[in-house]
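As a plain string of letters, each chain reads:
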There are 2 protein chains.
Amino acid sequence: MSEKLTIGMFGFGVVGQGLYDIIKTKDLNLEIKKFVIKNPNKQRSLPDHLFTTDADAVLNDPEINTILELIDDADAAFEITKRALYAGKNVVSANKKMIATHLEELATIQQETGKSLLYEGAVCGSIPIIRNLEEYYDNELLHSVSGIFNGSSNYILSKIFNENQDYHTALKKAQDLGFAETDPTLDVGGFDPKYKLAIVANHAYGIYVKPEDILNLGIDKLGQADITYAREKNYKIKLIPLAKEVDGKIILYVLPKFVTKDNLLYGVENENNGVVVKAAFADEQFFFGKGAGGHPTGSAVLSDITALRYGYRYEFKKHAKSQEVTYSTDYELTVYLRYEDEQILDTLSFNSISERFYGQEYKYVIGKINLQQIIKHRDLIHRDGYFFAEIA
Amino acid sequence: MSEKLTIGMFGFGVVGQGLYDIIKTKDLNLEIKKFVIKNPNKQRSLPDHLFTTDADAVLNDPEINTILELIDDADAAFEITKRALYAGKNVVSANKKMIATHLEELATIQQETGKSLLYEGAVCGSIPIIRNLEEYYDNELLHSVSGIFNGSSNYILSKIFNENQDYHTALKKAQDLGFAETDPTLDVGGFDPKYKLAIVANHAYGIYVKPEDILNLGIDKLGQADITYAREKNYKIKLIPLAKEVDGKIILYVLPKFVTKDNLLYGVENENNGVVVKAAFADEQFFFGKGAGGHPTGSAVLSDITALRYGYRYEFKKHAKSQEVTYSTDYELTVYLRYEDEQILDTLSFNSISERFYGQEYKYVIGKINLQQIIKHRDLIHRDGYFFAEIA
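Keep in mind it's a predicted model, so treat the numbers as computed, not measured. Sequence positions are assigned chain by chain, starting from 1 and proceeding in written order. Chain letters start at A and ligand numbers start at 1, both assigned in the order the entries are written. Only residues with pLDDT of at least 70 are given local features in this predicted model, and only at 80 or more are side-chain atom pairs given and counted; all residues enter the totals for whole chains, interfaces and linings. Neither water nor hydrogens contribute to the side-chain values; these are computed over all heavy atoms in the structure.

Draft legend 1. Highlighting unusual backbone geometry. In this model, Asn270(A) sits at a positive phi of 55 degrees, which is unusual for a non-glycine residue. Put simply, DSSP marks the helices as runs of H or I at least four residues long and the strands as runs of E at least two long, and each gets a number from the N terminus on. When you line up the elements, Asn270(A) lands in the loop between strand S10 (249-259) and strand S11 (272-279).

Put into structure tokens, the structure is as follows:
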């Protein structure tokens, strides 16, 4: 039933090390034969003979039947994954950018080669959302899938709302703790959750949408005025990717959102992730867990590895049935916009405006606007002095 | 890849009807050929020729390859399930009592016959906990699995804590709404969550434990004094089944518990269910959803049905590896006991007592006690004037 896995692992960073920690405590009928690393001079915690800089040697080694791809560089990761599949090896990856960007091509290569590519660790760390979308919800048309998919930005928002820190202090703290990169744009700009959303959208609805075709605005322009506004109304602000079905159209975007206490995501704090799935019959379901870190992500990768031993593959079942749904950006949202120049209200052409506030420090409107307008004028919205968020 | 399912369905109650509602909206390559019912004279929403009272005709019909067992009577359900498996049919059941009571025998029959018995709908309605324990956590030794597995008693507790109702008013309301049976013992006495716990324990740890060997105390003796105590300390009371690993021993019990705000189960209200899984590497994970009702449970049953089309079976992988763990009742708990007769404190022989309260209305102690003592003196604890709960 269970095949022995001989593994070549690319990368030995946080996730790779975390995975190794887990594997060494088990008797799993698997062996990591080689780690491919970039820098041969770095001090390693394992014997030298386990490391190599020679990717080809590993990809051409017939004894190695499984590649773990755990490097940061999305382009290099894509090359490794393609070559490994064509070389007849199964692949487990945790690289969301690589998967999201090349999902359709990767699905085709899997079909051609009959090999399996699994990537549970790429989306929401330890939360088994891909597997559940793929297997458990495979016959329900889902109303929506949303959540908190990015631990770094959520950590910052928790510090702001629970500890009264301002955005820049909270960001600095996250960077000091290693939760956010020196260039935090991927996280706080909403790119990282967008990659994950593109993957989720495929497993929820069977559609392939390129990340660059999905709107993302982040929390990087969040100001004290917006925080004060949220506090007064008993809201928290969360950065929320959403996939939603409306009359056979699939709507996708990543936006900050004012959420109320009755929202399941309201209580997801710090570096945790949460996923809310709304389905016609199963109703509202919620998954919560650690969204990042070596051990949680390592455990998701391990779960994929053991699934490989039982011949598991994503069947992309929904894509076969997805003729009836298409990606659309024609969707009306209710939003909050803090702005400086009055001109923007004309440019954005809101469908309607329900509230206007003018103060000495700042002004904002609340109104309804089409997603296409937001996409078209993204650069106008995304600048200092402006903050844009969805509001229920 | 996908085999056509021709289905014989036993029972056409809430779950059966809910499932039928879902199926009829889909194009699923399956057909419900016959419903086996007890009372032929009841008015039905479907054509007469679909119903029969003749179980044999369905179990012996070679065209029917799948049996859905959705009746209440656990003994009859067991007979149907056994006969169906031996007749070469796959079975989906939502009968927790039947599954929990006969789990080991049913696993053996599956092995003998090569057929598949799935029962996601038996545990926590729409929450895919069995599938996740079986597939996703199959290589992590879990620290614990606990949760809110019974919607009726949780509904009652929510009314008490959120709407200031007393136990009997809340129970009556639950009965009026159909959430609790006329004889509510199964729910409020903690038997229903105990059946689910026995099933969960098997899929989490690979052990077979008979429900009668697991301690359960419910909320049926909850009094105003206990509610007041909880409120003063900012606790809520929840009815919590727990499976926990301690040094290779598996501890199982169902007890009311005082929970604090930082517990993920604190916010699970009304008829919802929640499951908390603590794992060495994945860390703390939480699943939330509707725990009962025709549509949520129907959607879990449907998920099992579609899994059958792809040849899915529980592999009971953990049982193969479970030599290292055994069921044990030797475990120290910290508990709250409201009592009347002082004698009980001697009889129970607490390991230690940290708080004593004597008032005009009631008295209680808080102390440490071995689970074996609770099991031994269950009847002494479970009576009017006494309330017993775990406390963190």
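Draft legend 2. Up close: the nonpolar core. In these notes, a set of buried Ala, Val, Leu, Ile, Met, Phe, Trp, Tyr and Cys residues joined through side-chain atoms within 4.5 Å is what counts as a nonpolar core. Partly exposed describes any residue whose relative accessible area lies between the buried limit of under 20% and the exposed limit of over 50%, with all areas from a 1.4 Å probe on protein chains only and scaled to the type maximum. Core analysis: the biggest nonpolar cluster contains 224 residues, and Tyr119(A), Ile305(A), Tyr119(B) and Ile305(B) have the highest contact counts within it. Residues lining this core come from more than one domain, with at least three contributed by each of domain 1 (5-129 + 294-323) and domain 2 (139-283 + 324-391) of chain B. Any two residues whose heavy atoms approach within 4.5 Å are treated as being in contact. Excluding residues that lie within four positions of it along the chain, Tyr119(A) makes contacts with Ser93(A), Ile99(A), Leu103(A), Ile130(A), Ile199(A), His203(A), Asp304(A), Tyr314(A) and Phe316(A). Boundaries between domains were set according to an automatic or database domain assignment.

Draft legend 3. Just the sheet that holds strand S5 (residues 90-93) of chain B, in detail. All names here are of chain B. Strand order in the open sheet made by the 6 strands is S3-S2-S1-S4-S5-S6, with parallel pairing throughout. Two strands close off the open sheet at either side, each with one partner strand: strand S3 (51-52) and strand S6 (117-118). A pair of strands is considered paired only if DSSP assigns at least 2 bridges between the two. Where strand S1 (residues 5-10) meets strand S4 (residues 66-69), 4 bridges bridge the pair, whose relative direction is parallel. Looking at S4, one finds that Phe10 is bridged to Glu69. With axes taken as lines fitted to C-alpha atoms, and helix axes fitted only over the stretch in contact, angles between N-to-C directions fall between 0 and 180 degrees. Of the strands in this sheet, S1, strand S2 (30-36) and S4 are in contact with helix H1 (residues 14-23), which crosses S2 at around 155 degrees.

Draft legend 4. Fine view of helix H1 (residues 14-23) of chain A. All names here are of chain A. The buried count for H1 comes to 7 of 10 residues, which makes it a mostly enclosed element. When H1 is considered as a whole, its buried residues turn out to be Gly16, Gly18, Leu19, Tyr20, Asp21, Ile22 and Ile23. Residues of H1 that are buried in the fold lie against strand S1 (5-10), strand S2 (30-36), strand S4 (66-69) and helix H11 (294-309).

Draft legend 5. Main features of the UniProt feature "domain: Homoserine dehydrogenase catalytic" (unreviewed entry) in chain A. Residues annotated by UniProt as "domain: Homoserine dehydrogenase catalytic" (unreviewed entry) correspond here to residues 128-305 of chain A. A helix fraction of 40% and a strand fraction of 26% characterise residues 128-305 of chain A, whose end C-alpha atoms lie 14 Å from each other. UniProt positions are given in the numbering used here, feature names are shortened, and annotations may be inferred rather than shown by experiment.

Draft legend 6. Representation of the interface of chain B and chain A in the model. Contacts between the two partners involve 41 residues from chain B and, on the opposite side, 40 residues from chain A. Buried area: the sum, over both parts, of the accessible surface (1.4 Å probe) that disappears when the two are put together. Roughly 3,200 Å² is buried in total at the junction of chain B and chain A, and carbon and sulfur atoms are behind 55% of that figure. Looking at the side of chain B facing chain A, the largest losses of area belong to Tyr136(B), Asn139(B) and Phe281(B), adding up to 25% of the total buried there. Any carboxyl oxygen of Asp or Glu within 4 Å of a side-chain nitrogen of Lys or Arg constitutes a salt bridge here. Across the pair Lys290(A) and Asp283(B) runs a salt bridge whose closest N-O atoms are separated by 3.5 Å. For this analysis, a polar contact is any N or O atom pair within 3.5 Å, provided that within protein one partner can donate a hydrogen and the other can accept it, and provided that sequence-adjacent residues contribute only side-chain to side-chain pairs. Counting the contacts that link chain B with chain A gives 9 residue pairs in polar contact (both at pLDDT 80 or more). Looking at the side of chain B that touches chain A, the elements that each hand over two or more residues are H1, helix H5 (129-136), strand S12 (283-290) and helix H11 (294-309) of chain B. Each residue gets one label: Ala, Val, Leu, Ile, Met, Phe, Trp, Tyr, Cys and Pro are nonpolar, Asp, Glu, Lys and Arg are charged, and the others, such as Gly, are polar. Looking at the side of chain B that touches chain A residue by residue, the class counts come to 17 nonpolar, 11 polar and 13 charged. In the sheet, strand S12 (residues 283-290) of chain A pairs with S12(B) via 3 bridges, with the strands oriented antiparallel. Its bridge partner lying in S12(B), Phe287(A) is registered against Phe287(B).

Draft legend 7. Expanded view of the packing of aromatic side chains. The rule is short: rings of Phe, Tyr and Trp, with Trp giving its six-membered ring, pair when the centres are within 6.5 Å, and they are stacked under 30 degrees, edge-to-face over 60, tilted in between. A complete count under the given rule lists 46 aromatic pairs over all chains for this structure. With 5.2 Å between their ring centres and 25 degrees between their planes, Phe35(A) and Phe51(A) make a pair best called stacked. With Phe35(A) in strand S2 and Phe51(A) in strand S3 (residues 51-52), this residue pair connects regions lying 16 residues apart in the sequence. Side by side, Phe35(A) and Phe51(A) carry an identical accessibility label, which is buried. With centroids separated by 4.8 Å and ring planes inclined at 65 degrees, the aromatic side chains of Tyr119(B) and Tyr314(B) adopt a geometry described as edge-to-face. With Tyr119(B) in the loop between S6 and H5 and Tyr314(B) in the loop between H11 and helix H12 (317-320), the pair connects residues that are 195 residues apart, well separated along the chain. Feature note: the residues Tyr229(A), Tyr235(A), Phe258(A), Tyr336(A), Phe357(A), Tyr362(A), Tyr364(A) and Phe387(A) constitute an aromatic cluster, connected by ring pairs. Two conditions define a charge located above a ring, namely a distance within 6 Å from the ring centre to NZ of Lys or CZ of Arg, and an angle within 35 degrees of the ring normal. One cation-aromatic arrangement involves Lys236(A) over Tyr266(A); the distance from NZ or CZ to the ring centre is 4.1 Å. Cation over ring: Arg131(B) sits above Tyr312(B), and NZ or CZ is 5.0 Å from the ring centre.

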